[in-house]
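Spelled out, the chains give:
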Amino acid sequence: MSDAEQASDFDPTTTVDEFEPVDVFPSSEDMDLRPGADNCYKCTSCDTSCPVAEVDESFPGPKFQGPEQWRLKRGEDVDIDDSILSCSNCMRCDDACPSSVPLSQMHNTARGEYVEEHMDKLSREYLRNRMLSNYRTLASIGSKVPRLANFVMGLGITSVLGEKIMGIPSERDVPEFATETFRQWFKKRGGSKVTNPDKQVAYFHGCYSNYNTVEVGKAMVRVFEEFGYEVLVPKQQCSGTPMFANGMLKDARREAEVNVRELGKAIDNGADVIASCTSCSMALRQEYPELFDIEGIEDLSEHTYEAMEFLRIHEDLEGTIRESEVDPQAFAYHAPCHARNQGLDRQAVELFRELDGAQIEDVGDSCSGISGTYGWKSEKYETSMKIGAEMFDHMEHAEGDVGMTECPTCAMQMNHGTGYEIRHPLELLEEAVAN
Amino acid sequence: MAIREDVIVIGGGLAGSVAAIEAAETGASVRLVTYKKSTLRHASGLIDVLGYNGSDDPIADPFAALDDLPDEHPYSVAGETAVRDGLDRFDEIVGDTYGGSHTDSNALIPTFGGTVKPTARYPAAAAAGIASDDRPMLVVGFEGMTEYNAGMLADHLEASGVPFDVEGVECSLPGTYKNDSRVTRFAKRLDINESVEYEGRTMGAREALIQEVEPHVGDAERVGFPAFLGDEHTDEVRNDLERELGVDVFEIPMGPPSYPGIRLADQLKTAVDEAGVRITAGSPVVGFEADDGEIQSVTVDSKGREVPYHAEEFVLATGGLVGKGIDSGREEGVTESIFDCHIPHPEDRYEWFDEQAFGDQPFAHFGVRVDETMRPLTADDVPEFDNLRAAGGVIGGADTVAEKSQSGVSLATAVVAGERAGEQVAKHEVSQ
């Protein structure tokens, strides 16, 4: 049993209104991470798996950020090192550690503490990070007037102002809002076309499939209906992924409370929870129980699946794919770090190899470098692109000139670095099975 | 029942990877289930077969020494053919990126402690450092690297009686680094020849390193560096250094982080993929279902949810005490982590170790005992399960660290376990 699986008593979210460091962190000794720190035997597996340490010499690597910093913090007068903000929360160190040291949990708690105690709440960096973390809020406003928002965001002046005022790199194209959100589409079609009280799944679409890539959400619904599932779309907030990565644990907890409650109702009625974004499923499965103590949070963790993973386990997905066919097409597939951490990094490649018409090539183990909001910060842009260079190179050498990945921000980075169109595995699966 | 293969191999190190490839060669569908990064990634990358057997003198020909090993030694159980087959399979996987396949004899390779290690196969990057060669050598170290001191290394090598002159020099690493990420960062810089500031100028990392080392080359005809000359493009880095310095350049295997180990792990992964083996990585096997002496499925913990993976044959390649295939505790004694296979060990914990740190340590021999088809045996000498085989560090009966036989044992047992597992599947198919 990994230490990472136990919720720590550390709760940075208790007092919200009047910020009192002493109250927020009554005693950092409460972080029950000692066994994890003690398990580290300094084999450096985490350091050699860290995409940031490889390209940024000012970043001391996960071994320092995790067990070493945790130990240093036991002493008086030792503050969290500000390099914690350079961790991209790719969580590869978790996957690397042969001793199951809960590295990302240590990083998340340290980052939360750093942001709470040491970051100026009026600084540009804090405000920018807060805005990026709360993409859902931004998107829900933008998507009310999608055409206007897309027009404004596409203006050169907007991009210059974004760089100057907010620290958003002008090199990046802000993703377009869909003219109809996934939820609007789902409501308009009258919900699920299948009614089946015995086979229900609750779809956690996350923010991006709802506001931006609604075709992924539609594909998910059609594929699951094809397999006889009734798809429910409960009320939901952001999974919290960008908030963990920015140390905004109060925001994350606020969202988590809604998600645990609303998805919990569906679970109580016999449904399992399906996500199409691997960072969303990662948050619900691992980070929630690691960081928060909310009633029902373990239940949610145990009932959450990535979409294709669910079908692989519960249906004969491979058999179905073997009997299917699509128009000839070739993909350069990149496994998101968060898919890797759920043991899903080979899933799409292995399944689609069996699909007539499709060619798929894994472009390797490297990280895309964007890590959600990380690559959306001017000061991290260069690091982000340096990390991504290996993936871009491998994509260009792959036969396919269409990219494929489960993660929406990896998709942005893949597109940004190569100009390729990027698709989600569910879209190809829809083409294969739902016609 | 959705996840089903012919053969499931548990563990993705040297033994697991080779067993999976071997099984796939028989035509079986194979899935490799791995949990965390393998200990192979912090190993030296050297492939040793048998370096020592109880004496301080290294063994020249490991094959000639196999007969002297005790009956319970994995080599004695698997047989010499298995050892040779294992090396053949390895040679096929790594191609010309490794040397040593031209002879049965051990090569002597300098290590970062200043000793020479008898080994059967070595990375091409280490070849020019071989100790039987009498060309004068320069060893380069870097200030601030605590694990490696070039002067001390050179002194140790000379003291061990090598037939060449060796000098050591401490250089400074071009660029600035944090302690913990120095090695990985510099390796990456060399790999992509990224620009660094050196002596007030901006230049490629390779050029900066060349300029730093050049004044010290002197009469040396070969120059050794700690093994971090690049990652993916290590040949290019070495070639650039050789061309500009006018000498042969080699890497000296060092402790973690170990690029030779990482590169080998990456090569094995590619080979496993090319053999058509499927991979589930990042998820531990936490249990199993058995019926009538046969394992039906293993239970994979997928972030807190238990998913059964079915197969006809299973290979256990989870490693030893360090790899965590073997566990120990005050109450439980010494246990095999997944199937609880029998591991012979004294009941009294104080008999697990010898008080001399470098004595013959009983714990080093801990591991499952196997029959000639690599099936783990119970205390009564019958197979634990008809369809479970073991490979690599989880097998006991030898102190592979002291005798320098770890890789050879992994290869020999893996080819037998993998091949037998594959063959059994084919037999079942014929009989059905």
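Here the structure is a predicted model, which means the values were calculated and not measured.

What counts, and where the lines are drawn
- Residues numbered from 1 in each chain as written.
- Chains lettered and ligands numbered in written order.
- Predicted model: local features only at pLDDT ≥ 70, side-chain atom pairs only at ≥ 80, totals over all residues.
- Heavy atoms only, no water.
- Core = buried A, V, L, I, M, F, W, Y, C linked by side-chain atoms within 4.5 Å.
- Buried < 20%, exposed > 50% of the residue type's maximum accessible area, 1.4 Å probe, protein only.
- Helix = DSSP H or I, 4+ residues; strand = E, 2+ residues; numbered from the N terminus.
- Contact = heavy atoms within 4.5 Å.
- Patch = residues over 30% accessible without salt bridge, like charges linked within 9 Å, V, L, I, M, F, W, Y side chains within 5 Å.
- Areas by Shrake-Rupley, 256 points an atom, 1.4 Å probe, with all protein chains shown as cover.
- Salt bridge = Lys/Arg side-chain N within 4 Å of Asp/Glu carboxyl O.
- pLDDT = per-residue confidence, 0-100.
- Pairing = 2+ DSSP bridges.
- Axes fitted to C-alpha atoms, helices over the stretch in contact; angles between N-to-C directions.
- Domains from an automatic or database assignment.
- Buried area = accessible area lost by both parts, 1.4 Å probe.
- Polar contact = N/O pair within 3.5 Å; in protein donor to acceptor, adjacent residues only side chain to side chain.
- UniProt positions renumbered as here; feature names shortened; annotations may be inferred.
- Parallel < 35°, antiparallel > 145°, perpendicular 65-115°, else oblique.
- Nonpolar A, V, L, I, M, F, W, Y, C, P; charged D, E, K, R; others polar.
- Lys, Arg positive; Asp, Glu negative; His and termini not counted.
- Charge placed at Lys NZ, Arg CZ, Asp CG, Glu CD.
- 1 Å grid on protein atoms, 1.4 Å probe; cavity = no way out; pocket = protein on both sides within 12 Å on 5 of 7 lines; lining within 4 Å.
- Points joined across faces, edges and corners; volume = space filled by probe spheres on them.

## Digging into the nonpolar core
Then, number 1: Formed by 125 residues in total, the largest nonpolar core has its most connected members in A:Phe224, A:Phe352, A:Leu429 and B:Phe339.
Then, number 2: A total of nine residues in this core trace back to one element, the largest contributor, which is helix α10 (residues 406-431) of chain B.
Then, number 3: Leaving out residues up to four positions away in the same chain, A:Phe224 has contacts with A:Val201, A:Tyr229, A:Val231, A:Ile274, A:Ala307, A:Phe310 and A:Leu311.

## Re a nonpolar patch on the surface
Residue and element names in this part refer to chain A.
Then, number 1: There is a patch of nonpolar side chains on the surface, built from Val 145, Leu 148, Phe 151, Val 152, Met 153, Leu 155, Ile 157, Val 160, Leu 161, Ile 165 and Val 174 and spanning about 930 Å² of accessible area.
Then, number 2: Mapped onto the elements, Met 153 comes out in helix α10 (residues 146-154).
Then, number 3: For Met 153, a relative accessible area of 35% gives the class partly exposed.

## Section: the confidence of the model for chain A
Residue and element names in this part refer to chain A.
Then, number 1: Residue-level pLDDT values for chain A average 89, and 92% of them are 70 or greater.
Then, number 2: Scored below 50 in pLDDT, residues 1-6 makes 15 contacts in the model with residues more than four places away or belonging to other chains.
Then, number 3: Taken as a whole, residues 14-29 scores under 50 in pLDDT and shows 21 contacts with residues more than four places along the chain or in a different chain.

## Concerning the sheet that holds strand β12 (residues 248-252) of chain B
Residues and elements named next belong to chain B.
Then, number 1: Judged by pairing direction, the sheet is parallel, and its four strands sit side by side in the order β8-β7-β11-β12 without closing on themselves. What marks the edges here is a single partner per strand, and that holds for β8 (166-171) and β12. Taking each pair of neighbouring strands and ignoring which way they run, the sheet shows an average axis angle of 25 degrees.
Then, number 2: In the sheet, strand β7 (residues 137-142) pairs with β8 via six bridges, with the strands oriented parallel. Looking at β8, one finds that Val 140 is bridged to Val 169.

## With respect to the domain arrangement of chain A
Residue and element names in this part refer to chain A.
Then, number 1: When the domains of chain A are assigned, the result is domain 1 (3-118), domain 2 (124-166), domain 3 (182-313) and domain 4 (324-433).
Then, number 2: Its C-alpha centre places domain 2 at a distance of 25 Å from the equivalent point of domain 3.
Then, number 3: Between domain 2 and domain 3, the residue contacts involve eleven residues of the former and 14 residues of the latter.
Then, number 4: Summing both sides of the interface, domain 2 and domain 3 together bury roughly 1000 Å²; the carbon and sulfur share of this comes to 52%.
Then, number 5: Contact with domain 3 buries surface across domain 2, with Ser 133, Tyr 135 and Arg 136 losing the most and accounting together for 55% of the total.
Then, number 6: In this structure, the connection of domain 2 to domain 3 is made through one salt bridge.

## A closer look at the side chain of A:Ser279
Residue and element names in this part refer to chain A.
Then, number 1: Tracing the backbone through its elements, the reader meets Ser 279 in helix α17 (residues 278-291).
Then, number 2: Judged by its relative accessible area of 10%, Ser 279 falls in the buried class.
Then, number 3: Side-chain polar atoms of Ser 279 contact the side chain of His 338, separated by 2.8 Å.
Then, number 4: Residues contacting Ser 279, with those up to four places away along its chain left out, are Thr 241, His 338 and Cys 407.

## Description of the domain arrangement of chain B
Residue and element names in this part refer to chain B.
Then, number 1: Examined at the domain level, chain B breaks down into domain 1 (7-97 + 262-431) and domain 2 (112-252).
Then, number 2: Once you take the C-alpha centre of each, domain 1 and domain 2 turn out to be 34 Å apart.
Then, number 3: Residue-level contacts link 17 residues of domain 1 with 16 residues of domain 2.
Then, number 4: The contact between domain 1 and domain 2 buries some 1200 Å² in all, and 52% of this surface belongs to carbon and sulfur atoms.
Then, number 5: If you sort the residues of domain 1 by the area they bury against domain 2, Leu 46, Thr 97 and Arg 263 come out on top, with a joint share of 44%.
Then, number 6: At the boundary of domain 1 with domain 2, the tally comes to three salt bridges.

## Some words on the interface of chain B and chain A
Then, number 1: Every contact between the two is made by 38 residues of chain B and, on the other side, 52 residues of chain A.
Then, number 2: Connecting chain B to chain A are 13 salt bridges.
Then, number 3: Linking B:Lys188 and A:Glu390 is a salt bridge whose minimum nitrogen-to-oxygen distance equals 3.6 Å.
Then, number 4: The tally of links between chain B and chain A comes to 27 residue pairs in polar contact (both at pLDDT 80 or more).
Then, number 5: Those elements that provide at least two residues to the side of chain B that touches chain A are α6 (182-192), α9 (259-274), β13 (278-281) and β16 (305-310) of chain B.

## Side note on the environment of A:Asn108
Residue and element names in this part refer to chain A.
Then, number 1: Note that Asn 108 resides in helix α7 (residues 103-118).
Then, number 2: Judged by its relative accessible area of 0%, Asn 108 falls in the buried class.
Then, number 3: Linking Asn 108 and Leu 138, residues 30 residues apart in sequence, is a C-alpha distance of 24 Å.
Then, number 4: Those residues within four positions of Asn 108 in sequence are excluded, and the remaining contacts are Asn 89, Phe 244, Leu 249, Glu 287 and Leu 291.

## Here we look at the UniProt feature "domain: FAD-dependent oxidoreductase 2 FAD-binding" (unreviewed entry) in chain B
Then, number 1: When the UniProt feature table is mapped to this numbering, "domain: FAD-dependent oxidoreductase 2 FAD-binding" (unreviewed entry) covers residues 6-408 of chain B.
Then, number 2: Along residues 6-408 of chain B one finds 24% helix and 23% strand; the C-alpha atoms at either end are 26 Å apart.

## Considerations on the pattern of salt bridges
Then, number 1: Using the criterion set out here, one finds 63 salt bridges over all chains in the structure.
Then, number 2: Between A:Lys188 and A:Glu180 there is a salt bridge, with the nearest N and O atoms lying 2.6 Å from each other.
Then, number 3: Of the residues examined, A:Lys188 reaches a relative accessible area of 67% and is grouped as exposed.
Then, number 4: In this structure, the salt-bridge partner of A:Glu350 is B:Arg31, at a minimum N-O distance of 3.3 Å. Remark: B:Arg31 occurs in strand β2 (residues 30-34) and A:Glu350 occurs in helix α22 (residues 347-352); the pair is interchain, linking two chains. As far as the burial class goes, A:Glu350 and B:Arg31 line up, both buried.

## What about the packing of helix α1 (residues 14-25) of chain B against helix α4 (residues 80-94) of chain B?
Residues and elements named next belong to chain B.
Then, number 1: Closest axis-to-axis distance for the α1/α4 pair is 11 Å, and the angle between their directions is 90 degrees. Taken together, α1 and α4 sit at an angle that is classed as roughly perpendicular. Listed contacts from α4 to Leu 14, Val 18, Ile 21, Glu 22 and Glu 25 of α1 are Arg 89, Phe 90 and Ile 93.
Then, number 2: Residues of the contact of α1 with α4, tallied by class, amount to five nonpolar, no polar and three charged.

## Some words on helix α25 (residues 425-433) of chain A
Then, number 1: The buried count for α25(A) comes to eight of nine residues, which makes it a mostly enclosed element.
Then, number 2: Of all the residues in α25(A), the buried ones are A:Pro425, A:Leu426, A:Glu427, A:Leu428, A:Leu429, A:Glu430, A:Ala432 and A:Val433.

## Re a negative patch on the surface
Then, number 1: Taken together, the side chains of B:Asp134, B:Asp155, B:Glu158, B:Asp165, B:Glu167, B:Asp219 and B:Glu221 define an acidic patch exposed on the protein surface.
Then, number 2: Looking at the secondary structure, you find B:Glu167 in strand β8.

## Some details on empty space enclosed by the protein
All names here are of chain B.
Then, number 1: For the structure on display, the rule yields ten cavities of 30 Å³ or more.
Then, number 2: Volume-wise, the largest cavity comes out at about 390 Å³.
Then, number 3: Along the walls of the largest cavity sit 23 residues, with Gly 12, Thr 34, Lys 37, Lys 269 and Ala 281 positioned nearest its centre.
Then, number 4: At the level of elements, β2, α9 and β13 are the ones that each hand at least two residues to the lining of the largest cavity.

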